[in-house]
Amino acid sequence: QVQLVESGGALVQAGGSLRLSCAASGFPFSLYGMGWFRQAPGKEREFVAAIIWSSSSTSYADSVKGRFTISRDNAKNTMFLQMNSLKPEDTAVYYCAAKSGYVLSPDSRRYAYWGQGTQVTVSS
């Protein structure tokens, strides 16, 4: 049974930091590309960051570039999103997702597995 479980969401002040985690099970994590997406109230889900199986390549949305860092630990079947210099516009539910293949993708339709999400709220 495939599971992706996000954690680490919280209420934080603008300028603060958070580290999200995504624990994976039920599929060969080390062979899958992983991504973070987010959805704010009243908005569509949007791409945040992605990382390939080997961690040798990453991709970021322009809105988070330079502030967020995606990483993974294949030995622990876990992915992370380090979020610094948080802004109120980063407020959203953050989802982790997994896709087969070796190509980075910002397209949510290419991701087969999804977690339930973790809430990040940034106050001004």
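Because the structure is predicted, anything quoted here is derived from the model rather than measured.

1. What to know about the sheet that holds strand β8 (residues 78–83)
Then comes step 1: Taken together, the four strands give an open sheet; going across it, the order is β1-β3-β8-β7, and neighbouring strands pair in antiparallel fashion. Because the sheet does not close on itself, it has two edges, and the strands there are β1 (3–7) and β7 (68–73). With direction set aside, neighbouring strand axes in the sheet form an average angle of 15 degrees.
Then comes step 2: Where β1 and strand β3 (residues 18–25) come together, five bridges link them in antiparallel fashion. Of the residues in β3, the one forming a bridge with Glu6 is Cys22.

2. Quick word on the state of the cysteines
Then comes step 1: Counted by the stated rule, this structure contains one disulfide.
Then comes step 2: Between Cys22 and Cys96 runs a disulfide, and the two sulfur atoms are separated by 2.1 Å. What sets the handedness of the Cys22 and Cys96 disulfide is the S-S torsion sign, and at about 55 degrees it is right-handed. Of this pair, Cys22 sits in strand β3 while Cys96 sits in strand β9 (residues 92–99), placing them 74 residues apart in sequence. Both residues of the pair, Cys22 and Cys96, belong to the buried class.

3. Topic: the pairing of β8
Then comes step 1: Among the six residues of β8, five are classified as buried, and the element is accordingly described as predominantly covered.
Then comes step 2: The sheet contact formed by β3 and β8 spans six bridges and is antiparallel. From the neighbouring strand, Ala23 faces β8, where its bridge partner is Thr78.
Then comes step 3: The antiparallel hairpin formed by β7 and β8 contains four residues in its connecting segment, where Asn77 sits at a positive phi of about 50 degrees.

4. What to know about the packing of aromatic side chains
Then comes step 1: Enumeration according to the criterion identifies nine aromatic pairs in this entry.
Then comes step 2: When the centroid spacing of 5.3 Å and the interplanar angle of 45 degrees are considered together, the rings of Phe27 and Tyr113 count as tilted. Within this pair, whereas Phe27 is found in the loop between β3 and β4 (33–39), its partner Tyr113 is found in strand β10 (residues 113–114), the two being separated by 86 residues in sequence.
Then comes step 3: Three or more aromatic residues link up through ring pairs in this structure, and these residues are Phe27, Phe29, Tyr32 and Tyr113.
Then comes step 4: Here Arg19 stacks its cationic end above the ring of Phe80, 3.9 Å away from the centre of that ring.
Then comes step 5: The lysine or arginine in question, Arg72, covers the ring of Phe29, its NZ or CZ lying 4.3 Å from the ring centre.

Basis of the calculations
Residues numbered from 1 in each chain as written. Predicted model: local features only at pLDDT ≥ 70, side-chain atom pairs only at ≥ 80, totals over all residues. Heavy atoms only, no water. Pairing = 2+ DSSP bridges. Helix = DSSP H or I, 4+ residues; strand = E, 2+ residues; numbered from the N terminus. Axes fitted to C-alpha atoms, helices over the stretch in contact; angles between N-to-C directions. Disulfide = S-S within 2.5 Å. Buried < 20%, exposed > 50% of the residue type's maximum accessible area, 1.4 Å probe, protein only. Phe/Tyr/Trp six-rings, centres within 6.5 Å; stacked < 30°, edge-to-face > 60°. Lys NZ or Arg CZ within 6 Å of the ring centre and 35° of its normal.

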